[in-house]
Amino acid sequence: MTTPVIELRDVSRRYDGGPPALHEASLTVRPGEAVAILGPSGSGKSTLLNLIAGLDRPDAGTVTVDGVRVDGLGEAASAKYRRTRIGMVFQFFNLLDDLTVADNVALPALLAGTARAEARRRTAELLASLGVARHADAYPGRLSGGERQRVAVARALVNRPALLLADEPTGALDTTSGEDVSKLLAELNADGQTVVVVTHDLALARSCTNRTIRIVDGHVTEENR
Amino acid sequence: MSALGEVVRSGVGRRRVQAVVIGLSTLMAVTASVLGATLLDVSNAPFDKAFAEQRGSHLTVRFSADKTTTGQLTANVPGVTATSGPFPTVSATPHAQRGQRKPMTLVGRADPGGPVDAVTLSEGRWAGPGELVLSADTPMPERLMGSRIAFPDLPGGPTLTVVGVARSVSRTADGWVSPATITAPAGYQVLYRLASADTADQVDAAGAAVAATVPEGGVDGARSWLAVKREAVRETAVFVPFLVAFGLLGVVMSVLVVGNVVAGAVGSGTRRIGILKALGFTPSQVVRAYVAQALIPAAVGTALGVVAGNLLAIPMLAETEQVYGTATLSVAVRVVAAVAAGALGVVAVTAWASAARAGRLRTVDAIAVGRAAPTGRGRWATRLTARLPLPRPVGLGLARPFARPARAAALLVAVAFGTTAVTLAIGLVSSLAVVQDARQTDLSDVVIGSFSGGLRNAPMSPEGPRPQLTPATDRAAVTAAIDAQAGTKAFYSIARTPVAVAGVTASADVLGFGGDLGSSRYQLISGTWFRTPGEAVVPSPFLNATGTRVGDDVTLEDRGQAVTVRIVGEVFDTRNDGMRVLVDAATFPEAPATSYHIAVEPGTDVTTYLEGLNNALRPLGVVADPNQDGGVGDTLLLMGALIAFLTLMLVAVAGLGVFNAVVLDTRDRVRDLGVHKALGTTPRQVIAMVVASVVVTGLIGGAVGVPAGVVLHQAVLPAMGESAGTGLPAAAFGVYGPVELALLVLGGVAIAVLGALLPAGWAAGTRTATALRAE
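All values reported here derive from a predicted model rather than from experimental measurement. (Residues numbered from 1 in each chain as written. Chains lettered and ligands numbered in written order. Predicted model: local features only at pLDDT ≥ 70, side-chain atom pairs only at ≥ 80, totals over all residues. Heavy atoms only, no water.)

Looking only at helices and strands, chain A features 7 helices and 10 strands. Counting all 225 residues of chain A, 56% fall into the buried class. Carbon and sulfur atoms make up 48% of the accessible area of chain A, which totals about 9,400 Å². (Helix = DSSP H or I, 4+ residues; strand = E, 2+ residues; numbered from the N terminus. Buried < 20%, exposed > 50% of the residue type's maximum accessible area, 1.4 Å probe, protein only. Areas by Shrake-Rupley, 256 points an atom, 1.4 Å probe, with all protein chains shown as cover.)

Here it is, written out as structure tokens:
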């Protein structure tokens, strides 16, 4: 049996004495899987994503990603973890407006210490494979929503991460662009990329993932397809 | 609570960092302004203030004890509004173990108060029987506290214990004792306050009226307060331009920084203003709300700043009292009121101007400000730094100022002012050191005949005064003894002669130099040193008093003989009020040497040398002493401390300006910083990026501030010299070397980095998930 990419064990997280955002949640994701995490607003989806991404720490339980115990990492170590082990795609793209498309994509590679020429080569390759190479020298403000999200995906993949995390990747896109991004994620998974998509869009979950996890009031349940 | 009140309350409460920044900036600005304005205030006619506070003596008269009775001295005199005295007085010379002491004027007073010349006791207590209170004008009087000083020439040769130090602005005594201590007064001192004492004629007329109340010859001497003032003002005036420069710099810088802080704070709230307008607030209500939001923390900062300013002013004024020779200085209520009103006024006007601009924006535009796409400014810089062989976070930071040029300009102004202050401060400290150094004109190791004693350097001893050169001393034998003494390297002699300057009512000392002048170190301001008999160099005050210039001839009258000399150089020398003429000894061949200045061979033990030389000189009745010329003056140390303190304040205000600009910038970029962190930028890299964003601006600020500081230094220094009535040696102006200037420019970077470190740390510590959610 292969080593899981994600392994959460009895993870709990509570904010400011309120009800638990996550309660004794356990989850295992294996390499090559495409998992959708579904749930309504405030159910704990983003908390789960933040814990996997090392952006937050659980009150209890363990989070292991690609063999790394994420819950115990310090700030610097979790930054290094993010830049090498995971790629993140956000609902509102979170591209840096003052950098060109190519510079946005190359940034995580440069942070990871990749040589400038190699970073450029990898960037060009990704932009070409995602169909946005012609925008390499443009600034993100000039791109359509779908194009921006493709750039964001390219940026997330530049360091060849073990895990691609997508937080409502189609939430800010029109239907056509949303379908386009959904297809892209499915293609990436078909090529072997492990993908976790957080969404409340059931259609997206069905179209680009092969497994669904539902979160309700901080409790994680597996949904059979 | 009204809607407006609610908006103000929530605005202050929710935007705590900005409220703290406004409060802190105002606090620092008000503290610096209270100090600066107080310095300006106390530098304004300090003598007159102190004279008024002590009810100074317009006319100080010493009556002969032989020719007057104390009853005659209390007669009413027309034009006199108050008197103190008669106080018994005597001139007495304290014993010194080495060298010779100057005679002291001792006055017997039962207490320091009175209607005239209310002497201020700065240390210890007033004198009882057998005790002495020293004048604060005595060098280092506090070091003599508790010591016992013998006065062998007084009846009974009493030994008095120093129990206090006091200051008389009217300079009525060198020391005060209880009246009973002066058993045989040589005279009586009476102090007069006059109804009219603005001119010398008025004081002279009062003096004549006083003299008329006693028998002929009853007045031994009289001193006008105008003469005392001339002397006091000359001593202190040198510091006024320096204090004015620092005071103004502090006030102007504080205004700029507070203005920037408030404008930035209000500007960053533009979107909120748009939302308020969308909810139905009128532009006027919006402006009032934002002015109030700025004024609340500013008022707290102002109140704390006033307290801090007063607390810091206490030790500073205590030191300034010494500079000004005044009795008690305090922070004036009007200064505090003006600074507080000024600070709040600046905050209100700046907030009003910024909020009014935002209030006039169309509501949709104001709301859009927070979400608008970037303007695209400075992208060329980002592209450029991407090509530099630098870590990417550093490159991104370096390009940042070009994206927000207005904010970078505000930061630049703060750094430039801070660097100006540091440059001026370092220049002035260096110049003061040069001036102090230049005052030490004699580098010789041993002196004969020169008065180098005084209370400071001579330890107390029952031993009597030592013999000095007299007209009868055999000079040839003295020089032969010096020549013969093993270890003598070189020596020169000075023949000091008082002369009258023809055509003007001025007298001067001629110093005729003979021998090897290698160990003298007079610094020329202009012209050349004298090369032949008949040539002279003179200090600046001599040129001013006689209306002459280098190249002019001047005739000096010595005991009926007129000698004309040509002035070939201007020299820095403030002794004898600068009324000196330095010539070759052959110019006045009849004048005998009054002192010898000897340099010993390197490695020679001066004590052993002195023993040998004094053995040889003993038959001649003269004594050689170690040279005690020079040393770092108290005033220089004091000014150094004052400059350091003021500079620290101004640098702190500059740093706060940087801090504010960086806080605003990191708040604006909080989401971008979150993205960076989500992509794997470590906290250290975030700090590097934020710090790098101020480095270029700091460098430019330094490059602007340093020349400004140099220019200010070149303007303040001559003003200081002019106030003191003297030119200054060229070395005092050339204190900035290329290395120092380069380091000072880097000081701008240091100020910027120090100001940016805290917000950089905050940015690095911001939780990524929170930052990503920020609008």
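Let us keep going from here.
Counting its regular elements, chain B contains 22 helices and 20 strands. For chain B, long-range pairs separated by at least 24 residues make up 82% of all intrachain contacts whose partners lie at least 6 apart in sequence. In the form shown here, chain B has an accessible surface area of approximately 31,800 Å², with 60% of it arising from carbon and sulfur atoms. (Contact = heavy atoms within 4.5 Å.)

With that out of the way, let us pick up the interface of chain B and chain A. Taken together, the contact between chain B and chain A spans 31 residues of the former and 26 residues of the latter. Both faces combined, the contact of chain B with chain A buries some 2,500 Å², and carbon together with sulfur accounts for 56% of it. Interface area lost by chain B to chain A is led by Arg379, Arg392 and Leu679 of chain B, which between them contribute 24%. Inspection of the chain B/chain A interface yields 3 salt bridges. Where Glu75 of chain A meets Lys677 of chain B, a salt bridge forms, and the shortest distance between an N and an O atom there is 3.6 Å. One can count 11 residue pairs in polar contact (both at pLDDT 80 or more) joining chain B with chain A. Counting only elements with at least two residues in the side of chain B that touches chain A, the list comes to helix H11 (379–387), helix H12 (392–399), helix H18 (670–678), helix H19 (683–723) and helix H22 (768–773) of chain B. A total of 6 residues in the side of chain B that touches chain A trace back to one element, the largest contributor, which is H18 of chain B. Residues that form the side of chain B that touches chain A fall into these classes: 14 nonpolar, 7 polar and 10 charged. (Buried area = accessible area lost by both parts, 1.4 Å probe. Salt bridge = Lys/Arg side-chain N within 4 Å of Asp/Glu carboxyl O. Polar contact = N/O pair within 3.5 Å; in protein donor to acceptor, adjacent residues only side chain to side chain. Nonpolar A, V, L, I, M, F, W, Y, C, P; charged D, E, K, R; others polar.)

With that settled, the discussion passes to the packing of aromatic side chains. One pass over the full model with this rule turns up 11 aromatic pairs over all chains. Ring pairing ties together the aromatic residues Tyr492, Phe513, Tyr522, Trp529 and Phe530 of chain B, which thus form one cluster. Looking at Arg379 of chain B, its charged tip hangs above the ring of Tyr139 of chain A, at a distance of 3.8 Å from the centre. (Phe/Tyr/Trp six-rings, centres within 6.5 Å; stacked < 30°, edge-to-face > 60°. Lys NZ or Arg CZ within 6 Å of the ring centre and 35° of its normal.)

All right, on to the UniProt feature "transmembrane region" (unreviewed entry) in chain B then. Residue and element names in this part refer to chain B. Those residues carrying the UniProt feature "transmembrane region" (unreviewed entry) are residues 19–40, 238–266, 287–311, 331–353, 408–435, 636–664, 685–710 and 741–764 in this numbering. Between the C-alpha atoms that bound residues 408–435 there is a distance of 40 Å. The span itself is 100% helix and 0% strand. Summarising residues 741–764: 100% helix, 0% strand, and an end-to-end C-alpha distance of 34 Å. (UniProt positions renumbered as here; feature names shortened; annotations may be inferred.)

On to the sheet that holds strand S8 (residues 194–199) of chain A. All names here are of chain A. The strand order across the open sheet built from 6 strands is S6-S7-S8-S3-S9-S10, with neighbouring strands paired in mixed fashion. Of all strands in the sheet, those bounded by a partner on one side alone are strand S6 (86–89) and strand S10 (219–223). Across the sheet, the axes of successive neighbouring strands diverge by a mean angle of 20°, strand direction being ignored. (Pairing = 2+ DSSP bridges. Axes fitted to C-alpha atoms, helices over the stretch in contact; angles between N-to-C directions.)

Relative orientation of the contacting elements helix H3 (residues 101–111) of chain A and H12 of chain B amounts to 135°, with a least axis distance of 10 Å. Looking at the two axes, H3 of chain A sits oblique to H12 of chain B. Along its contact with H3 of chain A, which presents Asp103, Leu107, Leu110 and Leu111 of chain A, the element H12 of chain B presents Arg392, Pro393 and Leu396 of chain B. Class assignment of the residues belonging to the contact of H3 of chain A with H12 of chain B gives a composition of 5 nonpolar, no polar and 2 charged. (Parallel < 35°, antiparallel > 145°, perpendicular 65-115°, else oblique.)

On to the sheet that holds strand S4 (residues 60–65) of chain A, then. All names here are of chain A. The strand order across the open sheet built from 4 strands is S2-S1-S4-S5, with neighbouring strands paired in antiparallel fashion. Where the open sheet ends on each side, the last strands, each with one partner, are strand S2 (20–29) and strand S5 (68–69). Alignment of strand S1 (residues 6–14) against S4, held across 5 bridges, turns out to be antiparallel. When the bridges of S4 are listed, Leu8 appears paired with Val63. Sheet strands touched by helix H1 (residues 45–52): S1, S2 and S4. Its angle to S1, the strand with the most contacts, is close to 125°.

Next up on the list: the environment of Leu163 of chain A. All names here are of chain A. Here Leu163 is to be found in strand S7 (residues 163–167). A C-alpha to C-alpha distance of 7.5 Å links Leu163 and Val196, two positions 33 residues apart in sequence. Other than its neighbours up to four places away in sequence, Leu163 contacts Val5, Ile6, Ile52, Val65, Arg85, Ile86, Gly87, Gln193, Thr194 and Val196.

The next subject is the pairing of strand S12 (residues 488–501) of chain B. All names here are of chain B. Within S12, 10 of the 14 residues are buried, which leaves the element mostly enclosed by the surrounding structure. Pairing of S12 with strand S16 (residues 553–558), which is carried by 2 bridges, proceeds in the antiparallel orientation. Residue pairing across strands places Ala500 opposite Glu557, the latter belonging to S16.

Moving on: the packing of helix H5 (residues 145–157) of chain A against helix H6 (residues 175–190) of chain A. To characterise two packed helices, one gives the angle between the axes of the helices and the distance between these axes. All names here are of chain A. It is the contact of H5 with H6, at a shortest axis distance of 9 Å, that shows an interaxial angle of 20°. Put simply, H5 runs roughly parallel to H6. The two elements H5 and H6 cross, and the hand of that crossing is right-handed. Residue-level inspection shows Gly146, Gln149, Arg150, Val153 and Leu157 of H5 in contact with H6, the latter providing Ser177, Asp180, Val181, Leu184 and Leu188. (Left-handed = near helix turned anticlockwise from the far one by under 90°.)

Glancing now at the nonpolar core. Within the largest apolar cluster, 59 residues are counted, with the highest numbers of intra-cluster contacts made by Met88, Leu163 and Leu165 of chain A. Looking at which element gives the most residues to this core, the answer is helix H21 (residues 738–765) of chain B, with 7 residues. (Core = buried A, V, L, I, M, F, W, Y, C linked by side-chain atoms within 4.5 Å.)

Inspection of the entire model under this criterion finds 24 salt bridges over all chains. A salt bridge links Arg767 of chain B to Asp56 of chain A; its shortest N-O distance comes to 3.3 Å. Here the residue Arg767 of chain B occupies a position in the loop between H21 and H22, and Asp56 of chain A occupies one in the loop between H1 and S4, the pair thus bridging two chains. Classification of Arg767 of chain B by relative accessible area gives partly exposed; the value is 36%. Residue Asp56 of chain A is classed as buried on the basis of its relative accessible area of 8%. Because the salt bridges share partners, they merge into one network encompassing Asp98 of chain A together with Arg400, Arg404, Arg407, Asp665 and Asp668 of chain B.

This part is about helix H4 (residues 116–129) of chain A. Residue and element names in this part refer to chain A. Along its 14 residues, H4 runs 20 Å from first to last C-alpha, staying within 8% of the 20 Å computed at 1.5 Å per residue. Of all the positions in H4, only Ala119, Arg122, Thr123, Leu126 and Leu127 are classed as buried. One side of H4 holds all its buried residues, which, seen down the axis, span an arc of 130°. When the buried face of H4 is taken as reference, the exposed residues oriented beyond 90 degrees from it are Ala117, Arg120 and Ser129. (Expected span 1.5 Å × (residues − 1). Arc of directions from axis to C-beta.)

Attention shifts here to the confidence of the model for chain B. Residue and element names in this part refer to chain B. For chain B, the average pLDDT comes to 80, and 84% of its residues sit at 70 or higher. The secondary-structure element of chain B with the lowest mean pLDDT is helix H10 (residues 363–369), recorded at 61, while strand S15 (residues 535–539) shows the highest, at 93. Low pLDDT, under 50, characterises residues 451–467; the predicted model gives this stretch 48 contacts beyond four residues in sequence or across chains. (pLDDT = per-residue confidence, 0-100.)

Residue and element names in this part refer to chain A. The phi dihedral of Arg160 is positive, around 50°, even though this residue is not glycine. Tracing the backbone shows Arg160 in the loop between H5 and S7. Overall, Arg160 belongs to the exposed group, its relative accessible area being 52%.

Residues and elements named next belong to chain B. Among the surface-exposed residues, Leu699, Val739, Leu743 and Leu746 lie close enough to one another that they form a single nonpolar patch of about 380 Å² accessible area. By residue number, the principal contributor to the nonpolar patch is H21, which donates 3 residues. Mapped onto the secondary structure, Leu746 falls in helix H21. Note on Leu746: relative accessible area 47%, which makes it partly exposed. (Patch = residues over 30% accessible without salt bridge, like charges linked within 9 Å, V, L, I, M, F, W, Y side chains within 5 Å.)

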